[in-house]
Amino acid sequence: MSFSQLMLPEPLVRAVTELGYETASPIQAAAIPKLLAGEDVLGQAQTGTGKTAAFALPLLARLDPAQNDPQILVLAPTRELAIQVAEAFQAYARYMPAFHVLPLYGGQSYTNQLKSLKRGSQVIVGTPGRILDHLDRGTLKLDKLRAIVLDEADEMLRMGFIDDVQTIMDATPAGRQVAMFSATMPAPIRAIAQKHLTNAEEIKIASKTSTVERIEQRFVLLDANQKLDALTRVLEGEEYDASIVFVRTKSATEEIAEKLGARGYAVACLNGDMNQAHREQTIRRMKASQLDIIVATDVAARGLDVERISLVVNYDIPYDSEAYVHRIGRTGRAGREGKAILFVSPRERRLLRTIEYATKQPIEQMNLPTGQVIEQKRIESFRAQLAQTIETQNLSFFTDLINDWRDKLETSDAELAAALLYLAQKDQPLNVANKFPELRQPHARAERNDRPGDRRDRPERSFGDRPSGDRPERGPRQRRELQGDYNTYRIEVGKEHGVRAGDIVGAIANEANIDSQFIGNIKLFDHFSTVELPANIPNEIFQHLKKVYVRKQKLNITVDTGAAPAGERRSGPGPRPGAAPRAPRKPRE
Ligand code: AMP
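Residues numbered from 1 in each chain as written. Predicted model: local features only at pLDDT ≥ 70, side-chain atom pairs only at ≥ 80, totals over all residues. Heavy atoms only, no water.

Looking at an unreviewed UniProt entry, the chain carries the name ATP-dependent RNA helicase DeaD, with the source organism given as Alishewanella agri BL06. Entered under Function (unreviewed entry) in the UniProt record, the comment concerning the chain runs "DEAD-box RNA helicase involved in various cellular processes at low temperature, including ribosome biogenesis, mRNA degradation and translation initiation." Here the chain is described in UniProt, under the heading Catalytic activity (unreviewed entry), as follows: "ATP + H2O = ADP + phosphate + H(+)". (UniProt positions renumbered as here; feature names shortened; annotations may be inferred.)

Following this line, the structure appears as structure tokens:
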């Protein structure tokens, strides 16, 4: 379905078209009409499905441009997501005059945030802690709010923000629209949906199970900025005849085809902008081996049937399992073997698991070809060219030259051959074993095994996903085995200040940008608390954490020496369920 069919206003359609979006993703096609009609929506969708545009576009369409007060509030669990969502709003609203979006998250100075708030923004995207701080200070007013979005609601639960989310929801005017997105639907999330959403229809992207055979499937875990490097390595290190590389936008088809072309590949793009004749010509060229690589969008490659294709690279993750099965079905044609490789960023791991689940096939993690492998390949391919040249060409003119040069240069055949080889390989050097460093594996969330529906696999340190009614962040945290070096740190906020473990996790996760799964056990004492954190926290983050306030107390974080300060009972019990009364919230900085 195209964006113009979705009845979105022209400036928004123009913006997404310019971004290179060809069609709406399934979650977009389902959610946009409902949100445009003013309905509430509960969407079960992971990162990578296009959920941001699914709520941003229709809510932008309903915005009153003449009004400068906050009309849309998006709550997101982390500062990265808040920034990403704010950037997405900015990109979609580029043809809406006088539009302003403001991200508000912990770790940013209040002074700048206050200045921006005074200037006025129609859309605010923030982490719950910081939004609540601004509400408490009276610096953020929600009386003109038309819609609130809870993005990655289950992550907010996991990070201990759920009480904050409730408080913020209660502060929004009656009759505002609510859109809630969550990858999983644990009971506390359902409870929020039941309480705050009106007649919301649940949108779930069908993960139709389908089997794919004969196709070897692997994935590479990487950050988005590593994809191009990874692609060139895959194309060099893997054995294949012809390959199709799938991306999301037509602009990406052009950009990547151009970059591969510059690296010497026989490559072309295939996208929805091309007319039928051009498209057919491209496919013919691939069948005739004039092209080895096609960079395509899903729509443009539908039904593509070229026997030579033995490698599918999913450069951008597909929106759902159906699209995935479609894509990888471009290989393994006519009973042949095929390979499929999927690039996955840490945030997209859930979507990977959904795909795996729906296709009932394991997708194995792979490492990219190393410098040694690529060097070996290049040497072999050069040797093969040499062998073919010796076999097929009349070389007498060249042997005469060699004989002449050997004498004139007073050198040996081997040295002459080496010098010629050196010159011949300059464009594609052979000696590259050390030129391809190991890809730095993104670590955040990487080890987490979050196969959908399997509660055992959820991080043990998680606060959430317990039966409703059990207020998770008030119970004692489960003891867990931590991987790697951890230290116990002491922070100067304790039970007497009304602190809860959730406050500490939220503050550290956002202020120090440490994924909550790397935050270990927290013990609350009367005047202070201890928290286990990775031992290798960079000093600047450590210094920043010292200055962070939680419950009006400066954390003043130090490595815990175990010494009990005067009057403090060190061996006291951990936090008692429900023990800490909720003190009035105050800014964390
Ligand atoms: P999200 O699931 O919202 O995090 O989106 C993941 C990525 O998909 C972002 O880079 C978006 O720009 C991109 N995207 C979202 N919708 C579309 C679409 N309809 N066509 C192409 N790309 C899209």
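Peer 1: Account for the nonpolar core, naming residues and giving values.
Peer 2: Leu73, Leu75, Ile148, Leu150, Met180, Ile508 and Ile519 are the most contacted members of the largest nonpolar core, which has 56 residues in total. Here this core gets 6 residues from one element, more than from any other, and that element is helix H18 (residues 501-511). Here this core spans two domains, and each of domain 1 (4-205) and domain 4 (448-589) adds at least three residues to it. Aside from chain neighbours lying at most four places away, what touches Leu75 is Gly126, Ile131, Ile148, Val149, Leu150, Asp151, Met156, Val165 and Ile168. (Core = buried A, V, L, I, M, F, W, Y, C linked by side-chain atoms within 4.5 Å. Buried < 20%, exposed > 50% of the residue type's maximum accessible area, 1.4 Å probe, protein only. Helix = DSSP H or I, 4+ residues; strand = E, 2+ residues; numbered from the N terminus. Domains from an automatic or database assignment. Contact = heavy atoms within 4.5 Å.)

Peer 1: Could you give an account of helix H1 (residues 10-18), naming the residues involved and the relevant values?
Peer 2: Regarding H1, the residues found buried are Leu12, Val13, Ala15 and Val16. Looking down the long axis of H1, one finds its buried residues gathered within 160 degrees of arc, a one-sided arrangement. Elements in contact with the buried residues of H1: helix H3 (51-61) and helix H4 (79-92). (Arc of directions from axis to C-beta.)

Peer 1: Residues and numbers for H3, please.
Peer 2: Residues spaced three or four apart along an α-helix face the same direction, because each turn holds 3.6 residues. Of all 11 residues in H3, 10 are buried, a share of seventy percent or more. Among the residues of H3, those classed as buried are Lys51, Thr52, Ala53, Ala54, Phe55, Ala56, Leu57, Pro58, Leu59 and Leu60. In this structure, the buried side of H3 is in contact with H1, helix H2 (26-36), strand E2 (72-75), H4, strand E5 (147-150) and strand E6 (177-182).

Peer 1: An account of the UniProt feature "domain: DEAD-box RNA helicase Q" (unreviewed entry) in the chain is requested, with residue identities and associated values reported.
Peer 2: UniProt records the feature "domain: DEAD-box RNA helicase Q" (unreviewed entry) at residues 1-29, using the numbering of this structure. With 45% helix and 0% strand, the stretch residues 1-29 has end C-alpha atoms that lie 7 Å from each other.

Peer 1: Now, about the side chain of Thr253: what can you tell me, with residues and values included?
Peer 2: Within the fold, Thr253 resides in helix H11 (residues 250-262). Under the relative-accessibility criterion, Thr253 is labelled buried at 0%. With residues near it in sequence (within four places) discarded, Thr253 still touches Val247, Cys269, Leu270, Asn271, Val295, Ala296 and Thr297.

Peer 1: Which residues make up the packing of aromatic side chains, and what values do they have?
Peer 2: Under the criterion given, the structure shown has 8 aromatic pairs. Geometrically, the ring pair formed by Phe3 and Tyr21 is tilted, given 6.1 Å between the ring centres and 40 degrees between the ring planes. One end of the pair, Phe3, is in the segment before H1; the other, Tyr21, is in the loop between H1 and H2, with 18 residues separating them in the sequence. Residues Tyr315 and Phe343 carry aromatic rings whose centres are separated by 5.8 Å and whose planes lie at 50 degrees to one another, so their mutual orientation is tilted. Residue Tyr315 is found in the loop between strand E12 (309-314) and helix H13 (321-328), and its partner Phe343 is found in strand E13 (residues 338-344); the two are separated by 28 residues along the sequence. (Phe/Tyr/Trp six-rings, centres within 6.5 Å; stacked < 30°, edge-to-face > 60°.)

Peer 1: An account of the environment of Asn225 is needed here, citing residue identities and associated values.
Peer 2: By the secondary structure assignment, Asn225 is in the loop between strand E8 (215-221) and helix H10 (227-237). Residue Asn225 is classed as exposed on the basis of its relative accessible area, which comes to 68%. Measuring from C-alpha to C-alpha, the distance between Asn225 and Ser345 comes to 9.8 Å, with 120 residues separating the pair along the chain.

Peer 1: Tell me what's going on with the layout of surface pockets, and back it up with residues and numbers.
Peer 2: To find leftover empty space, one rolls a probe the size of a water molecule over the atoms. In this structure, the second largest pocket encloses a volume near 710 Å³. Every residue lining the second largest pocket is counted, 24 residues in all, and those nearest its centre are Glu236, Tyr265, Arg378, Ser381 and Gln428. Ranked by the residues each element gives to the lining of the second largest pocket, the list is headed by helix H15 (residues 371-392), at 6 residues. When the residues that make up the lining of the second largest pocket are grouped by side-chain class, the tally is 8 nonpolar, 6 polar and 10 charged. Each of two domains, domain 2 (215-369) and domain 3 (372-428), supplies a minimum of three residues to the lining of the second largest pocket. (1 Å grid on protein atoms, 1.4 Å probe; cavity = no way out; pocket = protein on both sides within 12 Å on 5 of 7 lines; lining within 4 Å. Points joined across faces, edges and corners; volume = space filled by probe spheres on them. Nonpolar A, V, L, I, M, F, W, Y, C, P; charged D, E, K, R; others polar.)

Peer 1: Could you give an account of unusual backbone geometry, naming the residues involved and the relevant values?
Peer 2: Phi is positive for Glu152, close to 50 degrees, though the residue is something other than glycine. Mapped onto the fold, Glu152 is located in the loop between E5 and helix H7 (153-158). Although it is not a glycine, Asn556 adopts a positive phi angle of roughly 45 degrees. Residue placement: Asn556 occurs in the loop between strand E19 (553-554) and strand E20 (558-559). Residue Asn556 is classed as partly exposed on the basis of its relative accessible area, which comes to 38%.

Peer 1: I'd like to hear about the confidence of the model for the chain, residue by residue, with values.
Peer 2: Low-pLDDT stretches of the model should not have their predicted coordinates read in fine detail. Counting all residues, the mean pLDDT for the chain is 85, and 87% of those residues have values of 70 or more. Here residues 444-482 is a poorly scored stretch, pLDDT under 50, and it has 99 contacts once near neighbours within four places are set aside; other chains count. Segment residues 566-589 is flagged for pLDDT under 50; beyond a separation of four residues in sequence, or across chains, it makes 73 contacts in the model. (pLDDT = per-residue confidence, 0-100.)

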